[in-house]
Amino acid sequence: MSQDEYVRLHDPKNREPANPLLERCQELFKAVTEKPDDFNTWTSLISTAEKLDDVQHIRSAYDAFLAEFPLCYGYWKRYAEAERRHGSSEAAAAVLERGVAATPYSTELWVAYANLLLAADAETDAVRSVLERGLAYVGPDWLSSSLWDKALGLEGSAGSPASVAALYARVLGCPIKELDKYHTGVLAVLQFWQRYVLWCEANQPEAAAAVLARATAVHCKRRPDLAVFAARFHEAAGDADAARAAYRRVLSELAPGLLEVVLAAANFERRMGQPAAAAALFEELLQQEREKGSSSSSSSVAGFLSLLYANFLRQVFGDVERARQVLQEGLAASPACQALWEGALFFEETLPGDDRVARVLALYEQALAQKKSSSSSSSDSKSSGEDSGSGKEGGSGDAAAAAADAAIADGVEQEATAAAAAAAAVDGTAAPEAAAAAPAPAAQVLSDEALEELSKRSVEFADMYADVATLRAVQQRHNKLFMLPASALAAAPGSSKQTAAAAAAAAADAARKRGAPADPWQGYANGPMQKMPRGDEAAAAAAMGGGYHHHHHEHGGGYGFPPPPAGGYGDGGYGMHPPPYGYGHHQYPPYGYGGYGY
């Protein structure tokens, strides 16, 4: 309708009774004709026409407005809704078709168009055509998830699983805002294909392989879990070569180094009667990870691979020595992998034998050598100017050595070896023969907190399995390495860890010179331990720049520790850090041996 026609339609001579809304429409239309860039007047004209609720006046107002402002997609939606409200879905669709032609990058307009067709029960192909046109324009847009949801909903209700999978594959390739939610949908599609293959296997065996091939090659071709499913399907069907190829594809292309698949592939080779091939697989993957360098991620993967491989060697081959060698090689290559240290300790702790205590304590010593080397490097310059003949002070190294001699005198050779291991940890001598071949890290790579935790566990282990001499030596080593808790040293304000540790050592030395017991185990066999004067602990804490804080441990006499004297120990300590919890309270990693079906 032209402007002349509109004016003639609203000419007062041509209408019967006066209508304020019609008069207002005429006034506003005249105003926008004179000033077409007056947006507020245009919106007033549209509002007045809608109140008049006459479809001809509404069309006149919207057509004129959108000719001036075609990119205002919201008004295309309002125009289409007005047409639908007046009973013409076809006219509303025509309006939206004009709208998407004028502003094709409006996600909301495409969604409104699809919703209109769905509400009008349009043909599925017609709705799909609109959605595909919209996705071609706005699919990669950051805020296009509503249009993708509409398309997925249509295919889910009227399409095929293949079309749904294809849509998910497309949306996952777009940088949209809510991308994460579509991964769940991909998982649903993956599970559908798996169930479909299993259904075919039970009902149409001849079609199962073809369905699986289509899923892995087209619809879910980059999903490692479906590739593993395919490998197991082929194995069950007796096609070992196809199964092996599927595992290789995952480990070389889809998810290199994925530990679950490594383990699945190794178990497959074992079931095929090829344990040597499984071992070769571990060796190959370990070499690949170690060649990647010393990054934390590659070190962690290599550490866990070493654990899995050692477990495989122990369970399948019964080759304990080779398994131990793999663990030692892993510790040398990935010394920062705490889980590997814990797994290696668990490995030794669960192996029977008369030398078990010595083996386990030697491995603890290997880990704690990191702390000793870092501590000794900071104290060498100080010790060079001191009198080397201070053995008369009753140092802890002498006490540990005496403990080892006492154990030998008692005829407990293995326990004496363990005591010697602990004594070596205290006085800095060589590691015991059981660990002579084990390479000790030259520099500290585990945190002080991790090393302190391992040291506490070594005390707990000795408390449960060793004799009193060994326990005493191990406890002394812990006291020497961790005069103050690592957490307290880390939190010391305005002071380095070395300065705080030196201050703590100075306070302890002052206590000995005043007559405090040099050996905190003094009196262990005959009565309660000696109480360290509160002033020395306070002085050590003050040297760190912080306030004094007492860490109270309740022992209740457990594991051979004497009960506290009447009234407790008060604010002071008794100069040592006995284990605050019984051995076995630590949760070992969830890769327990025998847990993978070997």
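Here, the structure is the one placed above.
### A word on the overall build of the protein
- Across its full length, the protein holds 27 helices and 0 strands.
- Out of the 598 residues belonging to the protein, those deemed buried represent 43%.
- For the protein, long-range pairs separated by at least 24 residues make up 62% of all intrachain contacts whose partners lie at least 6 apart in sequence.
- Surface exposure of the protein reaches about 29200 Å², of which carbon and sulfur atoms provide 53%.

### Quick word on the packing of aromatic side chains
- Within this structure, the stated rule accounts for 17 aromatic pairs.
- With a centroid separation of 5.2 Å and 85° between ring planes, the pair formed by Phe39 and Phe69 is classed as edge-to-face. Taken together, the residues Phe39 in helix 3 (residues 39-52) and Phe69 in the loop between helix 4 (55-68) and helix 5 (73-85) connect sequence positions 30 residues apart.
- Exposure remark for Phe39: the relative accessible area of 31% places this residue in the partly exposed category.
- With 5.3 Å between their ring centres and 90° between their planes, Tyr105 and Tyr137 make a pair best called edge-to-face.

### Here's the deal with the nonpolar core
- Judged by nonpolar contacts, the single largest core of 66 residues is most densely connected at Tyr113, Trp148 and Tyr168.
- Once residues within four sequence positions are removed from consideration, Trp148 is found in contact with Leu135, Gly139, Leu167, Arg170, Val171, Cys174, Ile176 and Tyr182.
- One finds Val262, Phe268, Val326 and Val360 within the second-largest nonpolar core, a separate group that totals 61 residues.

### With respect to helix 15 (residues 259-271)
- In a regular helix each residue adds 1.5 Å, so 13 residues correspond to 18 Å; helix 15 covers 18 Å between its end C-alpha atoms and thus fits that length.
- The complete set of buried residues in helix 15 reads Val261, Val262, Leu263, Ala264, Ala265, Ala266, Asn267, Phe268 and Glu269.
- Just downstream of helix 15, Gly273 is the residue with a positive phi angle, here 75°.

### Comments concerning the pattern of salt bridges
- Considering all chains together, one arrives at 27 salt bridges under this definition.
- Glu283 is paired through a salt bridge with Arg322; the nearest N and O atoms lie 2.6 Å apart. Of this pair, Glu283 sits in helix 16 (residues 275-291) while Arg322 sits in helix 18 (residues 320-333); the two residues are 39 residues apart in sequence, bridging distant segments of the chain.
- Residue Arg322 is classed as buried on the basis of its relative accessible area of 19%.
- Between Glu329 and Arg322 there is a salt bridge; the shortest N-O distance is 3.7 Å.
- Owing to a relative accessible area of 31%, Glu329 belongs among the partly exposed residues under this scheme.

### A closer look at helix 4
- Its 14 residues give helix 4 an end-to-end C-alpha distance of 20 Å, which sits within 8% of 20 Å, the value for a rise of 1.5 Å per residue.
- Listing the buried residues of helix 4 in full gives His57, Ile58, Ser60, Ala61, Tyr62, Ala64, Phe65 and Leu66.
- The N-cap residue of helix 4 is Asp54: its side-chain oxygen and the backbone nitrogen of Gln56 are 3.1 Å apart.

### Details of the packing of helix 18 against helix 19 (residues 338-349)
- The geometry of helix 18 relative to helix 19 is characterised by a closest axis approach of 10 Å and an angle of 160° between their N-to-C directions. With respect to helix 19, the axis of helix 18 lies roughly antiparallel. Helix 19 is crossed by helix 18, and the crossing has left-handed handedness. On helix 19, the residues touching Val320, Ala323, Arg324, Leu327, Gly330 and Leu331 of helix 18 are Leu340, Trp341, Ala344, Phe347 and Glu348.
- Of the residues contributing to the contact of helix 18 with helix 19, the split by class is 8 nonpolar, 1 polar and 2 charged.

Parameters at a glance
- Residues numbered from 1 in each chain as written.
- Predicted model: local features only at pLDDT ≥ 70, side-chain atom pairs only at ≥ 80, totals over all residues.
- Heavy atoms only, no water.
- Helix = DSSP H or I, 4+ residues; strand = E, 2+ residues; numbered from the N terminus.
- Buried < 20%, exposed > 50% of the residue type's maximum accessible area, 1.4 Å probe, protein only.
- Contact = heavy atoms within 4.5 Å.
- Areas by Shrake-Rupley, 256 points an atom, 1.4 Å probe, with all protein chains shown as cover.
- Phe/Tyr/Trp six-rings, centres within 6.5 Å; stacked < 30°, edge-to-face > 60°.
- Core = buried A, V, L, I, M, F, W, Y, C linked by side-chain atoms within 4.5 Å.
- Expected span 1.5 Å × (residues − 1).
- Salt bridge = Lys/Arg side-chain N within 4 Å of Asp/Glu carboxyl O.
- Polar contact = N/O pair within 3.5 Å; in protein donor to acceptor, adjacent residues only side chain to side chain.
- Axes fitted to C-alpha atoms, helices over the stretch in contact; angles between N-to-C directions.
- Parallel < 35°, antiparallel > 145°, perpendicular 65-115°, else oblique.
- Left-handed = near helix turned anticlockwise from the far one by under 90°.
- Nonpolar A, V, L, I, M, F, W, Y, C, P; charged D, E, K, R; others polar.

The values reported here are purely geometric and, on their own, carry no functional implication.
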